[in-house]
Amino acid sequence: MNPTQLFDPQSHSYTYILFDELSREALILDPVAEQLERDLDAIKRLNLKLKWAVETHAHADHITSAAKLAELTGARLAAPAGCGVGTAAVQLGDGDVLRFGRESVRVLHTPGHTQGSVCFYWECQSIQQEDI
C-alpha cells in the first residue's frame, strides 16, 4: 500500500488516500469540502476506484466532502458510530474491518478529540473477523 497524504492549509487538515496497487481499489480518509476537486483529480490521476469515503470523527472544525465523494464515485460512506453521522451508510465500531482490494484497515475506537473518534490500523496479515 502506498498512502497519499494531502493537506488543506485553511483547516490545517490532512486527507489520506490508501489503495491496493493491484486492484486500484481505494479508501479516502477525512476529505475536506473545499478540496473536493483536488481529491477527485488525485483519484483520477492515480487511476483509482474509490470504494470507501471514511471519517475519523465528526468534524466541527471543517465540513467534509465524504458524502459528496461517495455520491460522485459510488463509494460507501463510513463514520464512527459514536459520532452521530446519520448519513453514513456504515457506522463503524471498534474492531470493524474495511477492505479495499487485497488491503484492509481495522477500526480502533480512540475517544479523545471527540467521544466517537477512531483511528485505523493497516492489516498486513489475513483477517480473522467478518468484513463489513
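Before reading on, note that the structure itself is shown above.
Residues numbered from 1 in each chain as written. Predicted model: local features only at pLDDT ≥ 70, side-chain atom pairs only at ≥ 80, totals over all residues. Heavy atoms only, no water.

Quick look at the overall build of the protein chain now. Helix and strand content of the protein chain: two helices and nine strands. Helices (α) and strands (β) of the protein chain occur, in sequence order from the N terminus, as β-β-β-α-β-α-β-β-β-β-β. Across its three principal directions, the C-alpha atoms of the protein chain cover 40 × 35 × 25 Å. Out of the 132 residues in the protein chain, the part that is buried amounts to 48%. Taking the contacts inside the protein chain whose residues are at least 6 apart along the sequence as the reference set, 49% of them involve residues at least 24 apart. Split by element, the accessible area of the protein chain, about 7000 Å² in all, is 51% carbon and sulfur. Across the protein chain, the centroid of the 11 positively charged side chains sits 7 Å from that of the 18 negatively charged ones. (Helix = DSSP H or I, 4+ residues; strand = E, 2+ residues; numbered from the N terminus. Buried < 20%, exposed > 50% of the residue type's maximum accessible area, 1.4 Å probe, protein only. Contact = heavy atoms within 4.5 Å. Areas by Shrake-Rupley, 256 points an atom, 1.4 Å probe, with all protein chains shown as cover. Lys, Arg positive; Asp, Glu negative; His and termini not counted. Charge placed at Lys NZ, Arg CZ, Asp CG, Glu CD.)

Estimates place the volume of the largest pocket at around 160 Å³. Lining the largest pocket are twelve residues, with Glu55, Thr64, Ala66, Val85 and Thr87 positioned closest to its centre. Across the lining of the largest pocket, the residue classes break down as six nonpolar, five polar and one charged. (1 Å grid on protein atoms, 1.4 Å probe; cavity = no way out; pocket = protein on both sides within 12 Å on 5 of 7 lines; lining within 4 Å. Points joined across faces, edges and corners; volume = space filled by probe spheres on them. Nonpolar A, V, L, I, M, F, W, Y, C, P; charged D, E, K, R; others polar.)

Next up on the list: unusual backbone geometry. One can expect most non-glycine residues to show negative phi and most peptide bonds to be in trans. Even without being a glycine, Asp30 presents a positive backbone phi close to 55°. Since its relative accessible area comes to 11%, Asp30 is described here as buried. Notably, Asn47 is not glycine yet its phi reads approximately 55°, a positive angle. Within the element layout of this structure, Asn47 appears in the loop between helix H1 (36–45) and strand S4 (49–54). Under the relative-accessibility criterion, Asn47 is labelled exposed at 56%.

Enumeration over the complete set of coordinates arrives at two aromatic pairs. Judged by centre distance (4.9 Å) and plane angle (45°), the rings of Phe7 and Tyr14 are tilted. Assessed through its relative accessible area of 41%, Tyr14 is described here as partly exposed. Through a chain of ring-to-ring contacts, the aromatic side chains of Phe7, Tyr14 and Tyr16 assemble into a single cluster. (Phe/Tyr/Trp six-rings, centres within 6.5 Å; stacked < 30°, edge-to-face > 60°.)

It is worth spelling out the sheet that holds strand S7 (residues 97–100) at this point. Across the sheet, three strands lie side by side as S7-S8-S9; this open sheet has antiparallel pairing. A single partner strand is all that each edge strand has here, and the edge strands are S7 and strand S9 (118–122). Between one strand axis and the next, the sheet turns through 30° on average, direction left out of account. The pairing of strand S8 (residues 103–109) with S9 spans five bridges and is classified as antiparallel. (Pairing = 2+ DSSP bridges. Axes fitted to C-alpha atoms, helices over the stretch in contact; angles between N-to-C directions.)

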